[in-house]
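Analysis of the macromolecular model
Given next are the chains, with one letter for each unit.
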Amino acid sequence: MTDFVLVPGADGRAWYWHRVVPLLRDRGHDAIAVDLPQSNDAGYDEYAEAIRQATFGRHNPVLVAQSLAGFLAPVVAARTPVARIVLLNAMVPAPGETAGDWWGNVGHAEARHGKQFDLLDDFFHDVPPEVTAEATAGTPTGPSETLFTEPWPLDAWPDVPTTFLQGVDDRFFPLEFQRRLVRRRLGLDVEEIPGGHLVALSRPDALVHRLTSI
């Protein structure tokens, strides 16, 4: 049995994992999804503490980090024991880099050939319509401005086993772009999985199959 702590991306809602949690539990594992702080003043300390609290009572959990949470998971892993970091369609920071500077530093716009962001086309193109409707209902949430201006606080990636899973149909972080970035910054090869950027919503079964085989 493995304990999974699931961290959402920029949306910040534990709801992102609602299709994954029951599948993990059906396979005999424990899983908890984290709601991230909604305060505009929240920085790494506040985000890391919210995630760390979810690890209480869990022995060396696996920390799964979606997208922007690639900036958060290593900070948590440097402060509390985890068995592994699993990055999912994630951003990979460099020491001293802000999440706001990351886009230009890694050439994200060039990787997308200047394509303007479109929420439905980039994020929800492979998500079932009823799940998309639920995801986009209500007041939008998002990360704090502080998180985008505060430098990533680590000198190096923590000494924790790390796996990088990348959706082959991710339109926001294209596969080849991620391959180059992850190899350069982590010295790892990405492991391809089915699905787009929001794979926990579009292909939860395939994601759970991979998570439970790590």
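Only a predicted model underlies this, so the values are computations on that prediction, with no experimental measurement involved.

**Focus on the overall build of the chain**
Scanning the chain from N- to C-terminus turns up eleven helices and six strands. In terms of overall dimensions, the chain is globule-like: its C-alpha atoms have a radius of gyration of 16 Å, near the 17 Å expected for 214 residues. With the principal axes as the frame, the chain shows a C-alpha extent of 45 × 40 × 35 Å. Among the 214 residues that make up the chain, the fraction classed as buried is 51%. Entry remark: accessible area of the chain is about 9500 Å², with carbon and sulfur atoms responsible for 50%. Distance from the positive charge centre (18 side chains) to the negative charge centre (29 side chains) of the chain: 5 Å.

**Section: the sheet that holds strand β6 (residues 191-193)**
Spatial strand order, β2-β1-β3-β4-β5-β6: six strands in an open sheet with parallel pairing. Each edge of the open sheet carries a strand with a single partner, namely β2 (30-33) and β6. Adjacent strand axes in the sheet meet at a mean angle of 25° when their direction is disregarded. With four bridges connecting them, strand β1 (residues 3-7) and β2 associate as parallel partners. By the bridge assignment for β2, valine 5 is matched with isoleucine 32. Helix-sheet contacts for helix α9 (residues 175-186) involve β4 (84-88), β5 (162-167) and β6, and the interaxial angle to β5 is about 165°.

**Describing the side chain of arginine 112**
Tracing the backbone shows arginine 112 in the loop between α5 (108-111) and α6 (119-123). Other than its neighbours up to four places away in sequence, arginine 112 contacts Phe117, Asp122, Arg171, Phe172 and Pro174.

Basis of the calculations
Residues numbered from 1 in each chain as written. Predicted model: local features only at pLDDT ≥ 70, side-chain atom pairs only at ≥ 80, totals over all residues. Heavy atoms only, no water. Helix = DSSP H or I, 4+ residues; strand = E, 2+ residues; numbered from the N terminus. Rg over C-alpha atoms; globule rule 2.2 N^0.38 Å. Buried < 20%, exposed > 50% of the residue type's maximum accessible area, 1.4 Å probe, protein only. Areas by Shrake-Rupley, 256 points an atom, 1.4 Å probe, with all protein chains shown as cover. Lys, Arg positive; Asp, Glu negative; His and termini not counted. Charge placed at Lys NZ, Arg CZ, Asp CG, Glu CD. Pairing = 2+ DSSP bridges. Axes fitted to C-alpha atoms, helices over the stretch in contact; angles between N-to-C directions. Contact = heavy atoms within 4.5 Å.

Interpretation note: all reported values are geometric properties and have no functional meaning in isolation.
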